[in-house]
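One letter stands for each residue in the lines below.
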Amino acid sequence: MQAPRALALCHCFTGALDFQAGDWANAEIVLGKAIELYRQVGSASGEALSLQRLGVLVGALGRFEEARDLLSLGLVVAERASMRAHCLTRLHASMTRTRLAAGDLKEASLSLEEGLYAAKRHGHCVTCNALLLPEAVRVSLAHEDVAAAAAYATELEKIASGFSSALWSAMAGHARGRVLLAQRKHKQAADCLETARRSYEALGQDYERARCQRDLADALSRRKGEQFRARANDLEADTRAILTTLGAVDEDAPIGPGPLRAG
């Protein structure tokens, strides 16, 4: 039928699914088409959300300034969107994520503040918060504010538990694992991260699994015993292989005045 609004929606969701499945080349193409189609039909919400998804993808590829430009444009478009609050919260969450990956803790912190303000001002959306809270944990740990990170992780766990989402549960487990690692509770951190890693693997989310495995390897390497170091080395090797296959950067490299993965 060549209905542009329906095609735009299909491209947007196809791009999101392709990103999760690891077909990033096609994801970039179809998300670009979604943006064009949404502009044609005048859907600011669709355009803003497509820009958000493309910004995350481009950031994961290490094209940080391009990601910032895409997300900044998304923020401008979102101001006239019917789903303004949702779009703004998601865009600020993604801007926080990509600026952390770029090593820009100052701008990441500002983006997080804007996202938290937007969420509070317009009423908390569960789905949007599920994207924002993991970045709140990471920013807090980068500032060595473990108490704040733990509070955000608890909030994310409540959301995941309330909606029985396997993906959100994995995200919450990963966030909690980060906090436990910062608290030097290495065994508990490893157990939590291993559960999250398995969930990401079952969901076919290789990139998120790689990010989780990096933290898991960190936790295991801090435990006493050759078996833990051997497992950590295996995980590091698998993580590098995944990132190389995807052409992805390590979004969780230590940044700022303190280590992102404190401990």
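Use the structure listed above.
Values in this document were obtained by computation on a predicted structure and should not be read as measured data.

(A) Structural context of the packing of helix α2 (residues 24-41) against helix α3 (residues 44-60). Taken N-terminus to C-terminus, the directions of α2 and α3 make an angle of 155 degrees; their axes are 9 Å apart at the nearest point. The orientation of α2 relative to α3 falls into the category roughly antiparallel. When the axes of α2 and α3 are compared, the crossing they make is left-handed. Counting all contacts with α2, which are made through W24, A27, E28, L31, A34, I35, Y38 and R39, the residues of α3 involved are G46, E47, S50, L51, R53, L54, L57 and A60. Counted by class, the contact of α2 with α3 contains 10 nonpolar, 2 polar and 4 charged residues.

(B) A look at helix α4 (residues 64-78). Over its 15 residues, α4 extends 21 Å from the first C-alpha to the last, a length consistent with the 21 Å expected when each residue adds 1.5 Å. Taken residue by residue, α4 has F64, A67, L70, L71, G74, L75, V77 and A78 as its buried positions. Taken down its axis, α4 places every buried residue within 165 degrees of arc, on the same side. Seen from the open side of α4, the exposed residues pointing more than 90 degrees away from its buried face are D69 and V76. At its buried positions, α4 is contacted by α3 and α5 (84-101).

(C) How the structure looks around the packing of aromatic side chains. Applying the stated criterion to the full structure yields 4 aromatic pairs. Seen in terms of ring centroids, F19 and Y207 are 6.4 Å apart; in terms of plane orientation they differ by 70 degrees. Their pairing is edge-to-face. With F19 in helix α1 (residues 4-21) and Y207 in helix α11 (residues 206-221), the pair connects residues that are 188 residues apart, well separated along the chain. Each of the two residues, F19 as well as Y207, counts as buried. Look at W24 and Y207: their rings are 5.1 Å apart centre to centre, the planes differ by 85 degrees, and that puts the pair in the edge-to-face class. With W24 in helix α2 and Y207 in helix α11, this residue pair connects regions lying 183 residues apart in the sequence. Judged by its relative accessible area of 4%, W24 falls in the buried class. A network of ring pairs unites the aromatic residues F19, W24 and Y207 as a single cluster.

Conventions used here
Residues numbered from 1 in each chain as written. Predicted model: local features only at pLDDT ≥ 70, side-chain atom pairs only at ≥ 80, totals over all residues. Heavy atoms only, no water. Axes fitted to C-alpha atoms, helices over the stretch in contact; angles between N-to-C directions. Helix = DSSP H or I, 4+ residues; strand = E, 2+ residues; numbered from the N terminus. Parallel < 35°, antiparallel > 145°, perpendicular 65-115°, else oblique. Left-handed = near helix turned anticlockwise from the far one by under 90°. Contact = heavy atoms within 4.5 Å. Nonpolar A, V, L, I, M, F, W, Y, C, P; charged D, E, K, R; others polar. Expected span 1.5 Å × (residues − 1). Buried < 20%, exposed > 50% of the residue type's maximum accessible area, 1.4 Å probe, protein only. Arc of directions from axis to C-beta. Phe/Tyr/Trp six-rings, centres within 6.5 Å; stacked < 30°, edge-to-face > 60°.

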